Amino acid sequence: VEKHAFDSAWDSAILPFYGKQQMIVDTGAEIFFRKLVYLFIVVLLSIMGLFQYYVKFESEAGELKWQNQFLKKLGLREKERKAVLTGQMKIFAVLPLIIGTCGGILFGGLSVKARLYDAAALRSFLLTGAVVYLIYIGIWIIWYLWIKKLIWRQAEWEK
């Protein structure tokens, strides 16, 4: 900075030149922190989505209980009632996943085209995307199965 003070006097945006090694370290740290921020955003949005799905279930719980009693009085067996009640919540899990998957594939394809990936980078991009997506889908499937159990427990619960 002292060596290039004259350059900085003309324009404060002019920064002194750092050596190649320092630039490699800085770039590596910047990439790491950018990935960390993206991971935090994905985790935060996932938690918000799971919470929103739970709130949707809680808001429908009274209606589901009434429907269960109605279907029981109509003579439907437990298995059929379970399928009807839990099937109503499936659309709220499946539809966003389908829309998100289509949007993700489109965005991924456009990213690959814009960045002109070579074969190795493309393989790495697809492998990382597939792992992240499978983890995400797994979390949603577990959450959906848990909500299904909650729906049935709450529908069968007598006060």
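For the structure given in this document, a descriptive report is provided here. No experiment lies behind these values; they were computed from the predicted model shown. (Residues numbered from 1 in each chain as written. Predicted model: local features only at pLDDT ≥ 70, side-chain atom pairs only at ≥ 80, totals over all residues. Heavy atoms only, no water.)

### Some points on the overall build of the protein
The helix and strand tally for the protein stands at four helices and zero strands. Helices (α) and strands (β) of the protein occur, in sequence order from the N terminus, as α-α-α-α. Buried positions account for 17% of the 159 residues belonging to the protein. Long-range contacts, defined here as pairs at least 24 residues apart, represent 78% of the contacts in the protein between residues at least 6 apart. For the protein, the computed accessible surface area is about 12700 Å², with 72% contributed by carbon and sulfur atoms. (Helix = DSSP H or I, 4+ residues; strand = E, 2+ residues; numbered from the N terminus. Buried < 20%, exposed > 50% of the residue type's maximum accessible area, 1.4 Å probe, protein only. Contact = heavy atoms within 4.5 Å. Areas by Shrake-Rupley, 256 points an atom, 1.4 Å probe, with all protein chains shown as cover.)

### Here's the deal with the nonpolar core
Y53, F57, L85, I147 and I151 are the most contacted members of the largest nonpolar core, which has 16 residues in total. When residues of this core are traced back to their parent elements, those giving at least two are α2 (20–74), α3 (78–115) and α4 (119–156). Per-element tally for this core: the top contributor is α4, with eight residues. The residues contacting I151, other than those within four sequence positions of it, are F57, L64, L85, T86 and M89. (Core = buried A, V, L, I, M, F, W, Y, C linked by side-chain atoms within 4.5 Å.)

### Overview of α3
With 38 residues, α3 should reach 56 Å at 1.5 Å per residue; the first-to-last C-alpha distance of 54 Å fits that figure. Taking the largest bend as the criterion, α3 deviates by roughly 30°, centred on M89. Immediately downstream of α3, the backbone of L116 shows phi near 55°, a positive value. (Expected span 1.5 Å × (residues − 1). Bend = angle between axes of the 7 residues up to and from the residue.)

### A word on the packing of α3 against α4
In helix packing, the relevant descriptors are the interaxial angle and the interaxial distance, both defined with respect to the helix axes. For the pair α3 and α4, interaxial distance at closest approach is 10 Å and the crossing angle is 160°. Viewed along their axes, α3 and α4 adopt a mutual orientation that is roughly antiparallel. When the axes of α3 and α4 are compared, the crossing they make is right-handed. Counted together, E78, R81, K82, L85, T86, M89, K90, A93, L97, T101, G108 and V112 of α3 and L122, F125, Y133, Y136, I137, W140, Y144, K148, I151, W152, A155 and E156 of α4 form the full contact between these two elements. (Axes fitted to C-alpha atoms, helices over the stretch in contact; angles between N-to-C directions. Parallel < 35°, antiparallel > 145°, perpendicular 65-115°, else oblique. Left-handed = near helix turned anticlockwise from the far one by under 90°.)

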